[in-house]
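Residue-level structural notes
If you want the building blocks of each chain, they are given just below.
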Amino acid sequence: MTTRLPDDKGHFDRFGGRFVPEALFAALDQLETEFRAAQADPEFQAELRSLQTDYAGRPSPLTEVKRFSAYCGNATVLLKREDLNHTGSHKINNVLGQALLTRRMGKTRVIAETGAGQHGVATATAAALFGLQCTVYMGEVDTQRQALNVARMQMLGAEVVAVAAGSRTLKDALNEALRDWVASVDNTHYIIGTVAGPHPFPEIVREFQRVISTETKAQMLDRYGRLPDAVLACVGGGSNAMGMFADFIDDPEVALFGFEAGGEGVETGRHAATITEGQEGVLHGMRTYVLQDADGQTKESHSISAGLDYPGVGPEHAWLAATGRATYEPVTDAEAMEALKILTQTEGIMPAIESAHAVAGAMRVGRRIAETDPDARPVLVVCLSGRGDKDVDTAIRWFGLDGSADKTAGGAQ
Amino acid sequence: MTSFDERRLGRSGAAFAAASAAGRAALVGYLPVGFPDVPTSVEAMVALTEGTDGTGCDVVEIGIPYTDPVMDGVAIQRAGTAALERGVHTRDVFPAVSAVAATGTPALVMTYWNLIERYGVRAFARDFAAAGGAGLITPDLTPDEADEWCAASDEYDLDRIFLVAPSSTDERLATTVRACRGWVYATAVMGVTGARTETSDAAPRLVSRIRTLGAGLPVGVGLGVSNGDQAACVGATADGVIVGSALVSTLLAAEAAGTPGDLGALRSLVADLASGVRRAERA
């Protein structure tokens, strides 16, 4: 790295930091100390690698999607298949690392916030594996639209708490998890699921997700002998995107694209396009871009995908946006759902709606390059952060399916 | 009795020192502006200074409701959410500050940092000082991130009250106490705001750790006090007893009973708390 960020106070230039009650500082300091020690501990790293390989199924494949690429101008599109990880998303990468840290700190309970439920499921999974008590906070609205994941967490032995405060989505789940943690910090580790929150969480989660870009880089060099022209990922809090960007930040020839939830369109005000439409502020312990009103009250975000429905964003993304190193664009619900359908029907890969935002982004970027430079043959790598099984209910409603068969064959007349 | 460093007491710390000179702990009461509505909340804050017979809080903390109050328990969340739904704005805090200041009781504002940043740190300090405010309590701003606020509070002569916790290391305790002006806010139990049946024995330990530093500042203890007996208990060791959720709960109950303007229960609780700090057997 040309400059090592964050600095020792957790700042990415003016973003990041620690805006939390003093009561949490001791725990954050302990976490940082343990994390640094673990990073330097070959035994810890070996155990993490073994879990990634033998439990989570890494490395994840890099799949060239030829039929889908036809929708993306002249681009060759590759998918980094985080959807094939155990539990169905990239979330397991971070959770396995933090569960090992939990054990290292001698804590016996973990808590987590979750939007779509993917991070909650991953946390509940690691808790089962490590024999830790687990409580997952989930906005009440999300427990309804992601009921399948609620049941999965319960099957895994976790307690799921529906949060009825505020907008009853991811941000409120995060508030409630922070409240729990202030009171339980002696025996509890808070496994934040994204590159957000107070220092050192944005750094820890980035480092545990870095494996996505480390593998991608090796796979690209091995198979194509070159780096991609761009890597693309969806951004809610931004953990899969940070994982996809991390090893490419110092490769200026690789463009970095993040796609935020444009919801019903940024012009409607019903969206979660935090970097595009937000202003600098403080939320959930960090300075970053926040969707907020003139008083600084957090605005409710809107997205068809629960996992992107968040009015803040990780501070490193705010920094990458402010410096211009990465480009962030909104993708609407409609664009994401269209991309979901196209990828599913051209490749037999059904992405999570979150990831479909990045898939739509690849279509947009590929076509844009074809328009401005018809001779270019760009290689785009999309982080396919999760699989779409959990979203079938939403797809049924969106596409007007009714879940019944197309026709009946055989049987009594 | 502890001796205080008068140069660092500011206006709110002076109220603590006056109580201390009278042989008791100061009573600090919290209410958010805008619940059940802005005018009634201001009336309620004035009632905090009066109780039933003119004896009430020595310092009033005014909250500005926020959408993401991670330090607050259910009672304060509920009142804050209702106030926001009813359209309360940051600027509504200034008339509340003026009304409290007019009673001669120091008015502090306790709020989450994003609201102040959005208003503009220096602009808020200026308008708040002009309204007669004494200082800010900042639950999610520690000295680590407070350079701008420290400069603005120096410029406008405002108290800055940072929080310390039982989990604070000696080093952080020393740094935080050094950065405070007015008094030090000690969170008695690890957790969010909310009335508890018993307050923790962590409080006296934390108070004594702070005093050992020779800070010269009074120590207020908060989180968990809901009646006069608890106030007496906490007031036996602390320089100030902070009460919030229990006071807010009386307003929630009044609204639930269909009489949102009825401040009777609030005044009675204030009287009970005020008598509690006066009967404490001081260490």
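Residues numbered from 1 in each chain as written. Chains lettered and ligands numbered in written order. Predicted model: local features only at pLDDT ≥ 70, side-chain atom pairs only at ≥ 80, totals over all residues. Heavy atoms only, no water.

**Concerning the interface of chain A and chain B**
Quite often, the size of an interface is put as the accessible area lost when its parts meet. For clarity, the cut-off: What makes two residues a contact is simply this: any of their non-hydrogen atoms within 4.5 Å. In this description, buried area is defined as the sum, over both parts, of the accessible area (probe of 1.4 Å) that is lost when the two are combined. Helix and strand labels come from DSSP, where a helix needs a run of H or I of at least four residues and a strand needs a run of E of at least two; each type is numbered from the N terminus. Residues are grouped as follows: Ala, Val, Leu, Ile, Met, Phe, Trp, Tyr, Cys and Pro are nonpolar; Asp, Glu, Lys and Arg are charged; all remaining types, including Gly, are polar.
Taken together, the 35 residues of chain A in the interface contact 34 residues of chain B. Roughly 2800 Å² of surface becomes buried between chain A and chain B when both sides are summed, with 47% attributable to carbon and sulfur atoms. The element contributing the most residues to the side of chain A that touches chain B is helix α8 (residues 170-184) of chain A, with eight residues. Classifying every residue of the side of chain A that touches chain B gives 14 nonpolar, ten polar and eleven charged.

**Some words on the sheet that holds strand β7 (residues 159-163) of chain A**
Backbone-to-backbone hydrogen bonds pair the strands of a sheet. The strands run either parallel or antiparallel. All names here are of chain A. Applied cut-off: Two strands make a pair as long as DSSP finds a minimum of two bridges between them. Helix axes are fitted only over the stretch in contact, all axes being lines through C-alpha atoms; the angle between N-to-C directions runs from 0 to 180 degrees.
Reading across from one edge, β7-β6-β5-β8 is the order of the four strands in this open sheet, with parallel pairing throughout. Looking at which strands have only one partner, the edges of the open sheet turn out to be β7 and β8 (188-190). In this sheet, neighbouring strand axes are inclined to one another by 20° on average, regardless of whether the strands run parallel or antiparallel. Two strands pair when backbone bridges link them, and strand β5 (residues 109-114) and strand β6 (residues 133-139) are joined in this way by six bridges, in the parallel orientation. Paired with V110 across the bridge in β6 is C134.

**Describing helix α1 (residues 10-21) of chain B**
Residues spaced three or four apart along an α-helix point in a common direction, a consequence of the helix completing one turn every 3.6 residues. Residue and element names in this part refer to chain B. Spelled out, the test is: How far a helix is expected to stretch is found by multiplying one less than its residue total by 1.5 Å. In this scheme, a residue with accessible area under 20% of its type's maximum is buried, one over 50% is exposed, and one in between is partly exposed, where area comes from a 1.4 Å probe on protein chains only. The arc in question is formed by the directions pointing from the helix axis toward the C-beta atoms.
Along its twelve residues, α1 runs 16 Å from first to last C-alpha, staying within 8% of the 16 Å computed at 1.5 Å per residue. Looking at α1, one finds that the buried residues are S12, G13, A15, F16, A19 and S20. Down the axis of α1, the buried set is contained in an arc of 150°. They therefore lie on one face. Buried residues along α1 sit in contact with β1 (26-32), β2 (59-63), β3 (107-110), β5 (159-161), β8 (219-222) and β9 (240-243).

**Regarding helix α6 (residues 121-130) of chain B**
Residues and elements named next belong to chain B. Listed as buried for α6 are V121, A123, F124, A125 and F128. Lining the buried residues of α6 we find α4 (93-102), β3, α5 (113-119), β4 (135-137) and α7 (147-155). Backbone geometry just downstream of α6 places G132 in the positive-phi region, at approximately 100°.

**Observations concerning the pattern of salt bridges**
The line we're drawing: A side-chain nitrogen of Lys or Arg and a carboxyl oxygen of Asp or Glu constitute a salt bridge if their distance falls within 4 Å.
Taken as a whole, this structure holds 46 salt bridges over all chains when the rule is applied. Residue A:D29 pairs with A:R18 through a salt bridge whose shortest N-O separation is 2.9 Å. With A:D29 in helix α1 (residues 25-39) and A:R18 in the loop between β2 (15-16) and α1, this pair connects stretches of sequence that are eleven residues apart. Judged by its relative accessible area of 8%, A:R18 falls in the buried class. A salt bridge links B:R172 to B:D144, with the nearest nitrogen and oxygen atoms 2.9 Å apart. Of this pair, B:R172 sits in helix α8 (residues 170-179) while B:D144 sits in the loop between β4 and α7; the two residues are 28 residues apart in sequence, bridging distant segments of the chain. Here B:R172 falls in the buried class, since its relative accessible area comes to 13%.

**Digging into the side chain of A:E260**
Residues and elements named next belong to chain A. Quick reminder of the rule: Between N or O atoms, a polar contact is any pair within 3.5 Å; within protein, one atom must be a potential hydrogen donor and the other a potential acceptor, and residues adjacent in sequence are included only when both atoms are from side chains.
Locating E260 in the fold gives a position in strand β10 (residues 255-263). Reaching out from E260, the side chain makes a polar contact with the backbone nitrogen of T274 at a distance of 3.1 Å. For E260, the contacting residues outside a window of four places in its chain are V235, A272, A273, T274, I275, T276, E329, P330, V331 and H357.

**A look at the packing of helix α2 (residues 38-50) of chain B against α4(B)**
Residue and element names in this part refer to chain B. We apply this condition: Here the angle decides the label: under 35 degrees means roughly parallel, over 145 means roughly antiparallel, 65 to 115 means roughly perpendicular, and every other value means oblique. In this scheme the handedness of a crossing depends on how the near helix is turned from the far one: anticlockwise by less than a right angle means left-handed, clockwise means right-handed.
Between α2 and α4, the least distance of the axes is 9 Å, while the angle of their chain directions is 25°. When the axis of α2 is compared with that of α4, the two are roughly parallel. Handedness of the α2/α4 crossing: right-handed. Two secondary-structure elements touch here, α2 through V42, M45 and V46 and α4 through A96, A99 and V100.

**Some details on the nonpolar core**
To be explicit about the condition: In these notes, a set of buried Ala, Val, Leu, Ile, Met, Phe, Trp, Tyr and Cys residues joined through side-chain atoms within 4.5 Å is what counts as a nonpolar core. Domain limits in this description derive from either an automatic procedure or a database domain assignment.
Counting 160 residues, the largest nonpolar core has B:I62 and B:W149 as the members making the most contacts within it. No other element matches α8(A), which puts seven residues into this core. Taken together, domain 1 (12-54 + 91-205) and domain 2 (57-88 + 210-399) of chain A each give at least three residues to this core, which thus spans both. Dropping the residues within four chain positions of it, B:W149 is found in contact with B:W113, B:V121, B:A125, B:L136, B:T138, B:L141, B:L158, B:D159, B:R160 and B:F162.

**Structural notes on the packing of aromatic side chains**
Residue and element names in this part refer to chain B. The condition that has to hold: Stacked, edge-to-face and tilted labels apply to pairs of Phe, Tyr and Trp rings (six-membered ring for Trp) whose centres lie within 6.5 Å, assigned for plane angles under 30 degrees, over 60, and everything in between, in that order.
A full pass over the atoms with the stated rule returns 15 aromatic pairs over all chains. With centroids separated by 5.4 Å and ring planes inclined at 45°, the aromatic side chains of F94 and F124 adopt a geometry described as tilted. Here F94, found in helix α4, pairs with F124, found in helix α6; they are 30 residues apart in sequence, far enough to count as distant. For the residue pair F94 and F124, the accessibility class agrees, reading buried in each case. Between W113 and W149, the ring centres sit 6.3 Å apart and the planes meet at 55°, which makes this aromatic pair tilted. Of this pair, W113 sits in helix α5 while W149 sits in helix α7, placing them 36 residues apart in sequence. By relative accessible area, W113 is classed as buried at 2%. Taking relative accessible area as the criterion, W149 reaches 1% and is therefore assigned buried. Cluster of aromatic residues (ring-pair linked, three or more members): F94, Y119, F124 and F128.

**Let's talk about the domain arrangement of chain A**
Residue and element names in this part refer to chain A. Domain annotation of chain A identifies domain 1 (12-54 + 91-205) and domain 2 (57-88 + 210-399). On a C-alpha basis, the centres of domain 1 and domain 2 stand 22 Å from each other. Taken together, the contact between domain 1 and domain 2 spans 41 residues of the former and 42 residues of the latter. Roughly 3300 Å² of surface becomes buried between domain 1 and domain 2 when both sides are summed, with 59% attributable to carbon and sulfur atoms. Of all residues in domain 1, the largest losses of buried area upon contact with domain 2 belong to F15, F19 and R145, amounting jointly to 19% of the total for that side. Scanning the region where domain 1 abuts domain 2 turns up one salt bridge. One salt bridge connects R14 with E280, and the closest N-O pair in it is separated by 2.7 Å. Ranked by residues supplied to the side of domain 1 that touches domain 2, first place goes to α8 with five residues. Tallied by class, the residues present in the side of domain 1 that touches domain 2 amount to 17 nonpolar, 16 polar and eight charged.

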